[in-house]
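Per-entry structural report
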Amino acid sequence: MITLIWLLLVTIVRAHSDQPQAQTNQGIYIGRQIIHNGTNINNWLGIPYAQQPIGNLRWMPSQALPSSNDTRFAYTPNTCPQDISSGVPMTEACLTLNVYAPENATNLPVYVWIHGGSFILGAGIHYDASSFVSTSIQHEVPIIFVTINYRIGLLGFLADRELYDEKSGIDNRSTTGNYGILDQIMALGWIKDNIRGFGGNPEQITVGGQSAGGISTIIMLSSSLVKQNTFQRAIIHSGSLWPNFISPLQIAIDNSGSILRTTTNCTTVQCLRNLTTDQILSVQRTLASKSIFEVAAPPVIDNYVLNDTMENNYAKGNFQKIPILIGSTANETTPFTCPLFNDSATVHQVQDFFTTIYINTSIINQIPDIYGPISSSHNPLTYLNIVFSDSWAHCGSRRIATKLADYNVPAYLYTYNHIVPVAPTCRGAAHVVDLLMFFPTILPYVYPNYNFTAAEQQLSTNMMLYWINFIRTSNPNFEGSLAHWDAYTHAFDNDFAIDIHPQMRNSYYNSVCTNLWDLFAISFQ
């Protein structure tokens with residue numbers, strides 16, 4: 001026992017005695033060094049990348065920081081205001097980022113991670129990148145990993161006519177409803193300008209994210225505000241979602257700004273800016289409860305950050321043609337539908353659900369032609385989730401891969417299929433569970449008291465290595481991988497099925513996507 005205590009104390013002393021320094025345009029940031037799986041990792045937590053959006057900067061595009069020669073400690077991360085507390089300080093002054101780097105890093109590729117959470121939850125610090133960086137060091141393919149915060153919920157995505165008329169964008173252009181996306185763009189600019197101080201290469205940046213973070217990545221690929229070569233490749237987990245998590249401007253104003261004004265009796269922008277965060281979160285809670293995905297306010301087509309739906313922009317070719325790695329989980333929609341139906345649904349309930357979700361009678365009438373009648377299914381809820389996952393996620397990822405292939409740009413399409421033994425029967429390989437392989441510290445929160453098997457630990461390592469090699473070379477394959485991952489081609493219509501034993505598949509989604517969902521995804525003429 002004494003020996004164990006001594007070893008723990010040595011670890012603690014080591015974590016606090018080594019203080020890596022990073023030179024930035026805002027001065028020097030002092031971080032900490034930790035030992036993770038036998039590797040030395042430097043981390044800096046809670047570094048501001050913009051002026052904080054408080055006071056009169058609430059609901060304004062994020063503003064650049066002034067230069068400084070100060071020296072500061074980067075020990076304390078934070079989260080933006082939200083309903084779930086994670087024990088990390090929560091503050092509206094939350095535009096910060098966290099950097100994880102190998103010891104003595106020099107000119108390394110950089111991965112910037114945008115968290116998910118329905119644009120209402122989450123924070124960069126919830127994604128401990130230590131395992132990811134440690135794996136890159138152990139396999140001699142080192143990278144730097146950066147996680148960012150951005151404004152979420154109504155603080156990040158409120159759309160309001162008077163805010164729009166403030167013309168707070170570049171060149172006095174009008175904007176509202178996309179403050180969280182503007183934060184992400186600001187963070188990327190800060191990283192590009194300062195990452196050399198942490199040992200990173202500003203010309204080798206990959207941006208990636210999951211769910212809302214994946215949607216954000218897709219938006220940045222198609223936004224005119226993001227300059228060419230800001231980043232060199234992109235990774236999109238469960239982000240190409242349809243119907244789009246995008247709202248036309250007036251609908252966004254009616255569904256967020258107008259409701260916040262009415263509920264709080266605010267008639268001016270100054271009144272809105274004087275509201276407490278608790279008042280805003282209370283209204284946000286009500287708005288989120290009306291959505292199956294608990295989205296209070298999505299990004300907005302404001303003709304500043306976004307000028308159209310993502311589907312339309314990609315169909316028109318209005319996006320940056322850079323290598324991407326994109327995919328989804330096999331059972332994307334189960335975390336939303338299984339609780340809704342208490343793990344069991346009738347044929348009638350499924351039919352009603354489709355009518356509510358899809359609205360378009362042409363879609364509803366064609367579903368049985370493609371998938372067979374619901375009545376012939378052994379489990380109507382399983383049938384619902386197969387249909388819903390294809391329409392919501394699988395076909396959208398495939399559509400983006402096909403567009404990249406049109407321009408002869410590499411796109412690596414995947415489907416995550418692994419189901420841990422303790423997963424509830426209704427859930428399967430659900431939305432989010434692929435992240436357990438990259439961020440193992442999340443595992444106890446998703447499956448308490450469960451530890452990865454040896455095979456799952458190897459799967460985790462292999463998935464990290466596929467991602468790391470893509471971040472470094474635009475090609476995920478590596479020496480010793482269990483299966484070769486081919487870039488998507490029209491000829492093979494291929495995706496990479498990721499599990500303990502991964503494999504390439506051809507034309508797996510062709511019939512359902514080509515013959516149904518792709519026909520309704522594009523709305524321009």
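Since the model is a prediction, treat every value here as computed from it, not as a measurement.

In a pair of packed helices, the angle between the axes and the distance between the axes together describe the arrangement. Running from N to C, helix α13 (residues 361–371) and helix α17 (residues 510–520) cross one another at 175°; their axes reach a closest spacing of 10 Å. As judged from the angle between their axes, α13 and α17 are roughly antiparallel. Residues S362, I363, Q366, I367, I370 and Y371 of α13 lie in contact with α17, whose contacting residues are S511, V512, N515, L516, W517 and F520. Per-class residue counts for the contact of α13 with α17 are 8 nonpolar, 4 polar and no charged.

A few words on the state of the cysteines. Within this structure, the stated rule accounts for 4 disulfides. Sequence-ordered numbering of the bonded cysteines in the protein chain gives a disulfide pattern of 1-2, 3-4, 5-7, 6-8.

Before going further, it helps to spend a moment on the pattern of salt bridges. A full pass over the atoms with the stated rule returns 15 salt bridges. Taking the shortest distance from any N to any O, the salt bridge between E162 and R261 comes out at 2.9 Å. Highlighted residues: E162 in helix α4 (residues 161–165) and R261 in helix α7 (residues 249–264), separated in sequence by 99 residues. Residue E162 is classed as partly exposed on the basis of its relative accessible area, which comes to 35%. For R261, a relative accessible area of 15% gives the class buried.

With mixed pairing, the 11 strands of this open sheet are ordered in space as β3-β4-β6-β8-β7-β9-β10-β13-β14-β15-β16. Only two strands of the sheet have a single neighbouring strand rather than two, namely β3 (32–36) and β16 (503–506). Within this sheet the neighbouring strands show an average axis-to-axis angle of 25°, counted without direction. For strand β15 (residues 494–498) and β16, the ladder comprises 4 bridges, and the chain directions are antiparallel. Looking at β16, one finds that F496 is bridged to M504. Across the sheet, helix α6 (residues 212–222) touches β7 (108–114), β9 (200–210), β10 (233–237) and β13 (324–329), and the angle it forms with β9 is around 125°. Across the sheet, helix α16 (residues 454–473) is in contact with β7, β9, β10, β13, β14 (411–416) and β15; its angle to β10 comes to roughly 145°.

With that settled, consider the nonpolar core. In this structure, V146, I191, F231, F354, Y358, I367 and W517 are the most contacted members of the largest nonpolar core, which totals 117 residues. Ranked by residue count, the leading element in this core is helix α14 (residues 380–406), at 12 residues. Dropping the residues within four chain positions of it, V146 is found in contact with L97, N98, V99, V110, Y111, V112, W113, I191 and I195. Counting residues in hydrophobic clusters, the runner-up holds 49 residues, among them W113, Y127, M437 and M463.

At I359, a residue that is not glycine, the phi angle is positive and equals roughly 60°. Taking the relative accessible area as the measure of exposure, I359 reaches 64% and is therefore exposed. Of note in the backbone geometry, N408 takes a positive phi value of approximately 55° without being a glycine. Note on placement: N408 falls in the loop between α14 and β14. Since its relative accessible area comes to 72%, N408 is described here as exposed.

Turning next to helix α5 (residues 179–194). In a regular helix each residue adds 1.5 Å, so 16 residues correspond to 22 Å; α5 covers 22 Å between its end C-alpha atoms and thus fits that length. Most of α5 sits inside the fold, with 12 of its 16 residues counted as buried. When we look at burial in α5, the residues that qualify are Y179, G180, I181, L182, D183, Q184, I185, A187, L188, W190, I191 and N194.

This part covers the pairing of strand β1 (residues 21–24). Across the two faces of β1 the burial differs, with A22 and T24 buried and Q21 and Q23 not buried at all. Here β1 runs beside strand β2 (residues 27–30); their pairing, made up of 4 bridges, is antiparallel. The residue bridging Q23 from the neighbouring strand is I28, located in β2. In this antiparallel pair of consecutive strands, β1 and β2, the connection spans 2 residues.

Further remarks concern the sheet that holds β1. Spatially, 3 strands are ordered β1-β2-β5 in an open sheet, and the strand pairing comes out mixed. Since the sheet does not close on itself, it has two edges, and those belong to β1 and β5 (71–73), each with one partner. Looking at each pair of strands side by side, their axes are set apart by 25° on average, direction ignored.

Our focus in this paragraph is the pairing of β3. Here β3 pairs with strand β4 (residues 39–48) via 5 bridges, running antiparallel. Bridge pairing in β4 places Q33 opposite N42. The antiparallel pairing of β3 with β4 creates a hairpin that spans 2 residues between the two strands, and N37 there sits at a positive phi of about 50°.

Take the packing of α14 against α17 next. Running from amino to carboxyl end, α14 crosses α17 at an angle of 95°, the nearest separation of the two axes being 10 Å. Classed by the angle they form, the pair α14 and α17 counts as roughly perpendicular. Within the contact between the two elements, α14 uses V387, D390, S391, C395, R398 and R399 and α17 uses N510, V512, C513, T514, W517 and D518. In the contact of α14 with α17, the residues fall into 5 nonpolar, 3 polar and 4 charged.

Criteria and thresholds
Residues numbered from 1 in each chain as written. Predicted model: local features only at pLDDT ≥ 70, side-chain atom pairs only at ≥ 80, totals over all residues. Heavy atoms only, no water. Axes fitted to C-alpha atoms, helices over the stretch in contact; angles between N-to-C directions. Helix = DSSP H or I, 4+ residues; strand = E, 2+ residues; numbered from the N terminus. Parallel < 35°, antiparallel > 145°, perpendicular 65-115°, else oblique. Contact = heavy atoms within 4.5 Å. Nonpolar A, V, L, I, M, F, W, Y, C, P; charged D, E, K, R; others polar. Disulfide = S-S within 2.5 Å. Salt bridge = Lys/Arg side-chain N within 4 Å of Asp/Glu carboxyl O. Buried < 20%, exposed > 50% of the residue type's maximum accessible area, 1.4 Å probe, protein only. Pairing = 2+ DSSP bridges. Core = buried A, V, L, I, M, F, W, Y, C linked by side-chain atoms within 4.5 Å. Expected span 1.5 Å × (residues − 1).

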